Amino acid sequence: MKKQLLLALLCISIYAANSQTPAALPDFNTAQTIEEKSDKIGRWYTDYIYKPRLDSAKAFFLLSSLEKYARTERDPLLLCISKFYKGYYISNGLNHPEIGDSLMAECINDVGSLGNPYVKASIIHDRGVLYLVGNNRAKALEFQLRALEIYKKIGYENIREISSILFDLAYLYYHLGNYSSCLELMLEAQKYPSAGNYINFQVLNTTGLAYRGLGMNDSARYYFELTLQKATLANDTPWIGIASGNIGLMFIKEKEYEKAYPYVKKDYDCLIRSLGRFTGIEISGVLTELAEISIARGKIDEALGYLKRAENSVKESPSVNLDFNRILKQLYKLQSRAYLHKRDFANADRYLLLFFEVDAIIKQQENGAQLTKVQIQLEAEKNLAHLKQVESENELNVQRRNLWIAVLILILLLSISYYNRIRIKQKKDALLSQAKQKALETEKQQAEMELKNYIQILNEKNNVIESFEKELHQLNQSPDQKDKYQTYEMIEKLQKSTIITEDGWFQFKDLFDKVHKGFFIKLKQKYPDLTQAETRLLALTKLNISTKEMAAILGISPDSIRKARYRFLKKINRDETDWEKIVNDI
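The shown structure was predicted, so the numbers you read here are calculated from the model rather than taken from an experiment.

Participant: Can you help me understand the overall build of the chain in this one?
Facilitator: Along the backbone of the chain there are 25 helices and zero strands. Across the 586 residues in the chain, those meeting the buried criterion constitute 46%. Long-range contacts, defined here as pairs at least 24 residues apart, represent 63% of the contacts in the chain between residues at least 6 apart. Of the roughly 31,200 Å² that the chain leaves accessible, carbon and sulfur atoms contribute 52%.

Okay, here's the thing in structure tokens:
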């Protein structure tokens, strides 16, 4: 029924386009080539249809007018482009992707047969952007990579607005956690002029984010400061705030709170001046940063004020996602610390337990999100490999058809055909082999990341407890026995939450075995009389973590770790200098 209504609307709009004066079309007078016309149509669609959010009748009238113009000009490429944007509107504007996708796919094939690679790349790229708007990142990545392959063959220097095109793909890679690929594209984008300040700021800021994601903080800070400098010259308030916030956050992570404050304050001032452009989560994120600085300065009431406003702001967010929970986690942690300074142990305990609850939820979300990101990249790469295989087979079919014309070289045709079959099979086998190898590597990388997150969370909990212990001992100057009892009871309760449980050990062991396959089997074969404690000690040693961290994870003292290690070495008649070699040889 929906398709019938859509078809009826199409017919009415086409009739209207043929019976009325043509609507405002792109100005083609200054366009010398079809490539320039293609770019003008893209901008025209954005300015006249997408941004004004036209109703369907007006939008179809404009699109049909463009199609009529293309027919009048007898320009098959222009006609393909006009049909493509009609499909784009049907998919995005009318929310009928099954109809719109079919029309766009047909136009992409038609453009390909007409032999203009630039136009083909442009509409493939735009289709990728549409998939990104629809939150289908696997398809968005696939189409943007397909477009990039064509742009590479044309030459980046021959592509208008290539910096914007490279940014679109880099931005997608950044949100998939592939910082290396993001950085590679951003550094390439900087070689070419941008389409305006917005893209220029996006490229510089995203370069900084990619460097930060790779742990290269000096380079990250350089690009954030460059973004701030250019935004200040352009008097662009939102970007002044974004760049300042990124610099301030880096100083906070380095515990340089006095250096961080002016940048974070500037970020907050810019947010207030740009209300409506930022979400509640973004606003609450800046407020928690201000609260953390206030706690470091000893201004506890001021910090609690910031945190209260942040909590109200984040809870106004329409969706409970990973960013929401990360802000909530930081909120609860800072609230617990603030109440601890006010000696309000009940609220400090309550918020710290909430912190641990959200922390556990975040771990599950991060593992799921990371797996999804890996699957998206694998799916896109698999589809691209399949596409290349199909293209190879299409090339072979064309070759066969042409060679059959020349009967006199039939034998040569059969030889070439046989050779091509072998080559395609080899390519197919190689692609499948690469895909399997990549899947195995991805599985191991995912396991390594989950294991690292697991250990990191245990260490983070212990660090939080350790810092709370110091603050409790510093604050607990009162001779009041009731206060002391609450203090020790809270420390004991929190310490228990950091020790690895029996269920936790089986989860840890499963992750560990995925990363270091066969470790426990080899260990059992080599040392059949190992106790469970010794097994755990050797496994943690394999991860190259410190004695102090092992002690925290196992819930014992560092001295007990050293004694356990000594007893094990004595049992197997080995010297203490052999400890690292014993673990590495397994």
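The rest of the description comes next.
Participant: Is there a simple way to explain the packing of helix 4 (residues 76–92) against helix 6 (residues 117–133) in this structure?
Facilitator: Helix packing geometry: the angle between the two helix axes and the distance between the axes. For the pair helix 4 and helix 6, interaxial distance at closest approach is 11 Å and the crossing angle is 5°. In this view, helix 4 runs roughly parallel relative to helix 6, as classed from their interaxial angle. Two secondary-structure elements touch here, helix 4 through Leu77, Ile81, Phe84, Tyr85, Tyr88, Ser91 and Asn92 and helix 6 through Val119, Ile123, Asp126, Arg127, Val129, Leu130 and Val133. Considered class by class, the residues forming the contact of helix 4 with helix 6 number 10 nonpolar, two polar and two charged.

Participant: Would you mind showing me how to read the pattern of salt bridges here?
Facilitator: Under the counting rule described, the total for this entry stands at 15 salt bridges. For the salt bridge of Lys265 with Asp269, the shortest nitrogen-to-oxygen distance reads 3.1 Å. Of this pair, Lys265 and Asp269 both sit in helix 13 (residues 257–273), four residues apart, which is roughly one turn of that helix. Its salt-bridge partner being Asp559, residue Lys563 comes within 3.4 Å of it at the nearest N-O pair. Pair noted here: Lys563 and Asp559 are both in helix 24 (residues 558–571), with a separation of four residues, about one helical turn. Judged by relative accessible area, which is 46%, Lys563 ranks as partly exposed. Of the residues examined, Asp559 reaches a relative accessible area of 36% and is grouped as partly exposed.

Participant: I tried to follow the packing of aromatic side chains on my own but got confused; where do I start?
Facilitator: For the structure shown, the criterion picks out 21 aromatic pairs. Taking the centre distance of 5.8 Å and the plane angle of 5° together, the rings of Tyr339 and Tyr351 count as stacked. Note that Tyr339 is positioned in helix 16 (residues 322–341) and Tyr351 in helix 17 (residues 345–405), a separation of 12 residues in sequence. Here Tyr339 matches Tyr351 in class, with each residue buried. Taken together, a centroid distance of 5.1 Å and an interplanar angle of 70° make the contact between Phe512 and Phe519 edge-to-face. For the residue pair Phe512 and Phe519, the accessibility class agrees, reading buried in each case.

Criteria and cut-off values
Note on numbering: residues in each chain are counted from 1, in written sequence order. Per-residue local features of the predicted model are confined to residues with pLDDT of at least 70, and side-chain atom pairs are confined, for both listing and counting, to 80 or more; whole-chain, interface and lining totals are unaffected and use all residues. Only heavy atoms go into the side-chain values, all of them from the structure, while hydrogens and water stay out. Comment: elements are numbered from the N terminus, with helices defined as DSSP H or I runs of at least four residues and strands as E runs of at least two. Each residue's exposure class comes from its accessible area (1.4 Å probe, protein chains only) as a fraction of the maximum for that residue type: buried when under 20%, exposed when over 50%, partly exposed otherwise. Two residues qualify as a contact provided that any one of their heavy atoms is within 4.5 Å of a heavy atom in the partner residue. Per-residue and other accessible areas were derived by the Shrake-Rupley procedure at a 1.4 Å probe size, with only the shown protein chains allowed to occlude residues. Only the contacting stretch of a helix is used when fitting its axis, a line to C-alpha atoms as for every element, and angles between N-to-C directions run 0 to 180 degrees. Orientation is classified from the angle alone, with under 35 degrees giving roughly parallel, over 145 giving roughly antiparallel, 65 to 115 giving roughly perpendicular, and any other angle giving oblique. Ten residues, namely Ala, Val, Leu, Ile, Met, Phe, Trp, Tyr, Cys and Pro, are considered nonpolar, four, namely Asp, Glu, Lys and Arg, are considered charged, and the remaining ones, Gly among them, are considered polar. A side-chain nitrogen of Lys or Arg and a carboxyl oxygen of Asp or Glu constitute a salt bridge if their distance falls within 4 Å. Each Phe, Tyr or Trp ring (for Trp, its six-membered ring) is paired with any other whose centre lies within 6.5 Å, and the angle between the two planes then decides the class: stacked below 30 degrees, edge-to-face above 60, tilted in between.

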